[in-house]
Amino acid sequence: MTARWLAPALLLALAPLQAQQTPRGRFDDARAAWDEGRFVEALETLEALLEGRDSGELLGEIALLTGELFQVREITTDGRAVRWAPGGRYAAYESGSGGDLTTHLLELTPQGAREVAALGGGGLAFGPSGGELAYLAVSDRAALEAAQARLQAGVDPGDRAARTRIRGEMARLEAEYTVIVKRSLVSGTEERVDIPGITVQGLLFAPGDGALHVLGVAEGEGEGTDLFRVAGAQPPARITRGPGTKSDPFFAGQGAFLVYGTGRGTFAVMELATGQVRDFQGSTPVASGDGSLLAFVGEGAGGGTVNLLSLATGAEEPRVLARMPFPIATSTTRSCPSCPALSGLALSPRGDRVAFQAMPREDWELFVVPTAESPGEVQPTQVTREIQHDLYPVFLADGRLLSMKGEGRHRRSHLYDLDTGGITWLFRNNTVRTVAPEYEWAPNPDGTRLLIVAERDGNTVSPERGVYLMDLSRQVTREEVLARVRAGLASERELRARAEAMYAPVEEEIRQVVDRITVPHLFRYEEALFQLGSKNVSQPGNRPAIEYLEAKLGEFGYEPELQWFDARGVQSANVVVRIPGTVSPEVVYAVSAHFDSNTRSPGADDNNTGTAGLLEMARVLAGHPLAATVEIALFTGEESGLLGSREYVRRAVESGKRLVGALNNDMVGFAEDHRMDNTIRYSNKGIRDVQHGAALLFSEMVLHDAEYYKSTDAAAYYDAYGDIVGGIGSYPILANPHYHQTHDHLETVNHQLVAEVARVTTASVMLLASSPSRVGGVVAVRRGASLEVSWTPAVEADIASYRVGWGPEEDPLATVVTVPEPRATLEGVPAGATVSVKAVNRRGMEGWDWARVGVER
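Residues numbered from 1 in each chain as written. Predicted model: local features only at pLDDT ≥ 70, side-chain atom pairs only at ≥ 80, totals over all residues. Heavy atoms only, no water.

1. Things to note about the overall build of the protein
Move 1: Across its full length, the protein holds 15 helices and 48 strands.
Move 2: In terms of overall dimensions, the protein is globule-like: its C-alpha atoms have a radius of gyration of 30 Å, near the 29 Å expected for 857 residues.
Move 3: Projected onto its principal axes, the C-alpha positions of the protein cover 90 × 75 × 65 Å.
Move 4: For the protein, the residues scored as buried account for 55% of the 857 residues in total.
Move 5: Of the contacts made within the protein by residues no fewer than 6 positions apart, 60% connect residues no fewer than 24 positions apart.
Move 6: A total of about 35,100 Å² of accessible surface is found on the protein, and carbon and sulfur atoms cover 50% of it.
Move 7: Mean positive and mean negative side-chain charge positions of the protein (82 and 112 charges, respectively) differ by 1 Å. (Helix = DSSP H or I, 4+ residues; strand = E, 2+ residues; numbered from the N terminus. Rg over C-alpha atoms; globule rule 2.2 N^0.38 Å. Buried < 20%, exposed > 50% of the residue type's maximum accessible area, 1.4 Å probe, protein only. Contact = heavy atoms within 4.5 Å. Areas by Shrake-Rupley, 256 points an atom, 1.4 Å probe, with all protein chains shown as cover. Lys, Arg positive; Asp, Glu negative; His and termini not counted. Charge placed at Lys NZ, Arg CZ, Asp CG, Glu CD.)

2. Re the packing of helix H10 (residues 542–555) against helix H11 (residues 604–621)
Move 1: For the pair H10 and H11, interaxial distance at closest approach is 10 Å and the crossing angle is 20°. Here H10 lies roughly parallel to H11, going by the angle between them. Our pair here, H10 against H11, has a crossing hand that is right-handed. For the pair formed by H10 and H11, the contact residues are Tyr548, Leu549, Lys552 and Leu553 on the first element and Thr611, Leu615 and Ala618 on the second.
Move 2: Residue composition of the contact of H10 with H11, grouped by class: five nonpolar, one polar and one charged. (Axes fitted to C-alpha atoms, helices over the stretch in contact; angles between N-to-C directions. Parallel < 35°, antiparallel > 145°, perpendicular 65-115°, else oblique. Left-handed = near helix turned anticlockwise from the far one by under 90°. Nonpolar A, V, L, I, M, F, W, Y, C, P; charged D, E, K, R; others polar.)

3. Some words on the packing of aromatic side chains
Move 1: For the structure on display, the rule yields 14 aromatic pairs.
Move 2: Seen from their ring centres, Phe635 and Tyr648 are 5.6 Å apart, and the 55° between their planes marks the pair as tilted. Pair noted here: Phe635 is in strand S36 (residues 628–635) and Tyr648 is in helix H12 (residues 643–654), with a separation of 13 residues, a long-range link.
Move 3: Between Tyr709 and Tyr718 the ring centres are 4.2 Å apart and the planes differ by 20°, which places this aromatic pair in the stacked class.
Move 4: By relative accessible area, Tyr709 is classed as buried at 7%.
Move 5: On the accessibility criterion, Tyr718 (29% relative accessible area) is partly exposed. (Phe/Tyr/Trp six-rings, centres within 6.5 Å; stacked < 30°, edge-to-face > 60°.)

4. Quick notes on the sheet that holds strand S38 (residues 677–682)
Move 1: With mixed pairing, the three strands of this open sheet are ordered in space as S39-S38-S41. Of all strands in the sheet, those bounded by a partner on one side alone are strand S39 (702–707) and strand S41 (728–729).
Move 2: The strands touched by helix H13 (residues 685–698) within the sheet are S38, S39 and S41, with S39 carrying the most contacts at an inclination of about 170°. (Pairing = 2+ DSSP bridges.)

5. Re the sheet that holds strand S8 (residues 178–184)
Move 1: The four strands are arranged S6-S7-S8-S9 in an open sheet whose pairing can be described as antiparallel. Across the chains shown, the open sheet's two edge strands, defined by having one partner strand only, are strand S6 (121–126) and strand S9 (190–193). Each strand axis lies, on average, 25° off the axis of its neighbour in the sheet, ignoring direction.

6. Examining unusual backbone geometry
Move 1: In this structure, the amide linkage connecting Asp606 to the following residue, Asn607, adopts the cis form with an omega of 10°.
Move 2: Its location among the elements puts Asn607 in helix H11.
Move 3: Located in the positive-phi region is Arg568, a residue other than glycine, with phi close to 55°.
Move 4: Within the secondary structure, Arg568 sits in the loop between strand S33 (561–567) and strand S34 (570–579).

7. Concerning the pattern of salt bridges
Move 1: Taken as a whole, this structure holds 51 salt bridges when the rule is applied.
Move 2: Across the pair Asp849 and Arg774 runs a salt bridge, and its minimum N-O distance is 2.9 Å. With Asp849 in the loop between strand S47 (834–841) and strand S48 (851–854) and Arg774 in the loop between helix H15 (751–770) and strand S42 (779–783), the pair connects residues that are 75 residues apart, well separated along the chain.
Move 3: Classification of Asp849 as buried rests on a relative accessible area of 7%.
Move 4: Taking relative accessible area as the criterion, Arg774 reaches 30% and is therefore assigned partly exposed.
Move 5: By sharing partners, the salt bridges in this structure join Glu561, Glu647, Arg650, Arg651 and Glu654 into a single network. (Salt bridge = Lys/Arg side-chain N within 4 Å of Asp/Glu carboxyl O.)

8. Here we look at the confidence of the model for the protein
Move 1: A residue-level look at the protein finds 95% of positions with pLDDT of 70 or above and a mean pLDDT of 91.
Move 2: Every residue in residues 1–5 scores below 50 in pLDDT, and together they form 23 contacts with partners more than four places removed in sequence or on other chains. (pLDDT = per-residue confidence, 0-100.)

9. Overview of the environment of Ser187
Move 1: As for its position among the elements, Ser187 is in the loop between S8 and S9.
Move 2: For Ser187, a relative accessible area of 48% puts it in the partly exposed group.
Move 3: Remark: the alpha-carbon pair of Ser187 and Glu132, spanning 55 residues in sequence, is separated by 9.6 Å.
Move 4: Within the structure, Ser187 has its side chain in polar contact with the side chain of Thr189 (distance 2.8 Å). (Polar contact = N/O pair within 3.5 Å; in protein donor to acceptor, adjacent residues only side chain to side chain.)

10. Examining the environment of Thr45
Move 1: Along the chain, the position of Thr45 falls in helix H3 (residues 39–51).
Move 2: Placed 12 residues apart in sequence, Thr45 and Ala33 show a C-alpha to C-alpha distance of 9.7 Å.
Move 3: Those residues in contact with Thr45 that lie beyond four places of it in its chain are Arg26 and Ala30.

11. Structural notes on H13
Move 1: If you check H13, its first and last C-alpha atoms are 20 Å apart, about what 14 residues at 1.5 Å a residue would give, namely 20 Å.
Move 2: Across the 14 residues of H13, 13 count as buried, placing the element largely inside the fold.
Move 3: You can read the cap of H13 off the contacts: a side-chain oxygen lies 2.8 Å from the backbone nitrogen of Gly686, and it is on Asn684. (Expected span 1.5 Å × (residues − 1).)

12. So, H12
Move 1: Look at H12: 16 Å from first C-alpha to last across 12 residues, which is about the 16 Å you get at 1.5 Å a residue.
Move 2: Within H12, the full set of buried residues consists of Leu643, Gly644, Ser645, Glu647, Tyr648, Val649 and Ala652.
Move 3: Of the surrounding secondary structure, the elements contacted by the buried residues of H12 are S33, S34, strand S35 (584–594), S36 and helix H14 (714–721).
Move 4: Looking at the residues trailing H12, positive phi occurs at Gly656, about 75°.

13. Thoughts on the side chain of His213
Move 1: Looking at where His213 falls in the secondary structure, it is placed in strand S11 (residues 212–218).
Move 2: There is a polar contact of 3.1 Å between the side chain of His213 and the backbone oxygen of Ala211.

14. Let's talk about the packing of H3 against helix H4 (residues 59–66)
Move 1: One way to put it is that H3 packs onto H4 with a least axis distance of 11 Å and a crossing angle of 150°. When the axis of H3 is compared with that of H4, the two are roughly antiparallel. Crossing of H3 over H4 shows left-handed handedness. Two secondary-structure elements touch here, H3 through Leu43, Leu46, Leu49 and Leu50 and H4 through Leu59, Ile62, Leu65 and Thr66.
Move 2: The class makeup of the residues in the contact of H3 with H4 is seven nonpolar, one polar and no charged.

Pasting the structure below:
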């Protein structure tokens, strides 16, 4: 046990002292325990506080610590593109793609949301009154699919030019079969709107007379887009003219003006009554709630500017509200990666404040500036001050500011009270460890409800994403938070009990090894790699990195294998060492990290940290073989397309290597705050729990989890060997703003956190390589009242028995028996049950994952 897990006797001794504390003091202790990952202790205290008489004053804080403060309902498990109708009575989301694209229309009530229609198409736009909508549908889906099939027939997948040509033809075909459908929200009746000669790209309604407008390309006019008004039986009327692409159009000034982009860093404002067009240098134009004011980002002497144009007064020139000493940027990825930036505007509904995001140093922060007339430019007020990116501000109707925090792979919605300075993390997950990345946010018109697209189940692999309705006017109840706390407490107790049982036979052996891991060793590896600058395959630092890794592993007593191959026209190599198994040497576990970096980045976190952790693991495991073979693989070319991992796996498959489990670490040491936390990124739940157990028993690190392996080196393992992947990475818990930047420097790394990752990884692979792997080939056949279950014998040489369990979906291990052979006859197994099997070796170590099969209903 580590020191942070207090002995029961000590807890009893502290009980009188705890009894004298105020509820606030006890909550502060619980919060500290939570931050340190002592979740059982924290949840026990929170449960007691919620059961006490003074729970009301702490209810909101307990709710925010353990999950969400506001009521949340799941609308669907598969949706995206959320939007609201004016008035907020209706909302919509999309699901499916291609010919299966569907828009789901929702009616919102005080009790929640109900689906009123499933529309066969997408691109929905609501009318200004909230009484009608329009969407894009396919006129003849069967004919379109047949035409697309003919177009793709015989095309060589390896012919890039042909694929590019086909994509263009496919888009032309889709446009040919696309029609506009208008629908009444009152009667549900629909009508088709024909606009011959125009390829439609988007729809919007004018706020004044509610006329439908389409953004599209007129036949025979190249690729330039324009806006067309569609009214009654009249041919579409062209609104905009001139060459080029018009983008992101919207109406302002009660429909008197049209605003649209005209190119990179330029936009236009058209007065519809006269047709007069004024061009502006600037980006991100936004209108106030009544449309009378227009704000945009410009660039002036000395940096970016926040500008305000009054449409109501007909002012000729915009007024500069504030000037920030940063160049402007057109996206959050920044056109100038080494420069600070200014971007993203939001005007409050009353038009009295403008919010924007700026980058005074390495990360985006939020600022607010008043729009009231003043003698000169105003110094903006900084709203956020945190190392993670703060992005995409949106004002709610009551003046509060909604914004997103973090990187694209895990952004989190926050609400800022600009009057009090209060900050509320909105959408969490009411579980202790599972991460819920968010992707879209849409507040309703009155700012009381929020639609969120997120992965509440933590699965970032499947394309399905849930849609959730958050009610900002209704907080969770004491009973709901108490149930949440009790569920988390039960889960944590069960996780810890399984971890202790799993590791018991090898706990002391593992402890002796992981206790040798030190920060000084790790820092020296990190420092040496950092001195090489970028280690990208195209950069001079790549070859010296290979030489350093080879030499360092040689110092530990290994004979490294250099896997040379062509990497984007240059020769580079993976560096691999092998620790042969003593019982089942043909059974292999791989532990990997990539050592290359982005072309412009020295890669202190991405991924010197992962590399250094494996070097330290190699040092402490030298001369300590395990039952199965362990290979430590340091990959090249990850940043150039996962080249090294693909090469390693290609050779493994070609040689017939029996790879049964893999851990891949990437970006594990970002120094965000005081917490020692990271993410298990896994495809296999058994390995996930092995790593949770390693963190609980052998480290000070707090691990969360997310199903995540695509677009990482772990994907190569999965593609070739299936569901065998685990590992640790910062994403999606730690949103490092230095990612892929020139400032990914050594001082941004928490070296103690890297050591904790090394301890967890070493303990995890020691447990895996000491245990039976998952068996395969499980078959269940009904023979009268009996169920005959058989499976492929475990691949390890020291198998003593097998455990077989069965039960319903909610309790799949309700009954467990032990059998000596890879077969069992089970009685009383009902249809619909799940049968699970794992092997047990002569050391008493159970397999780290169950193999499962469903019993037919």
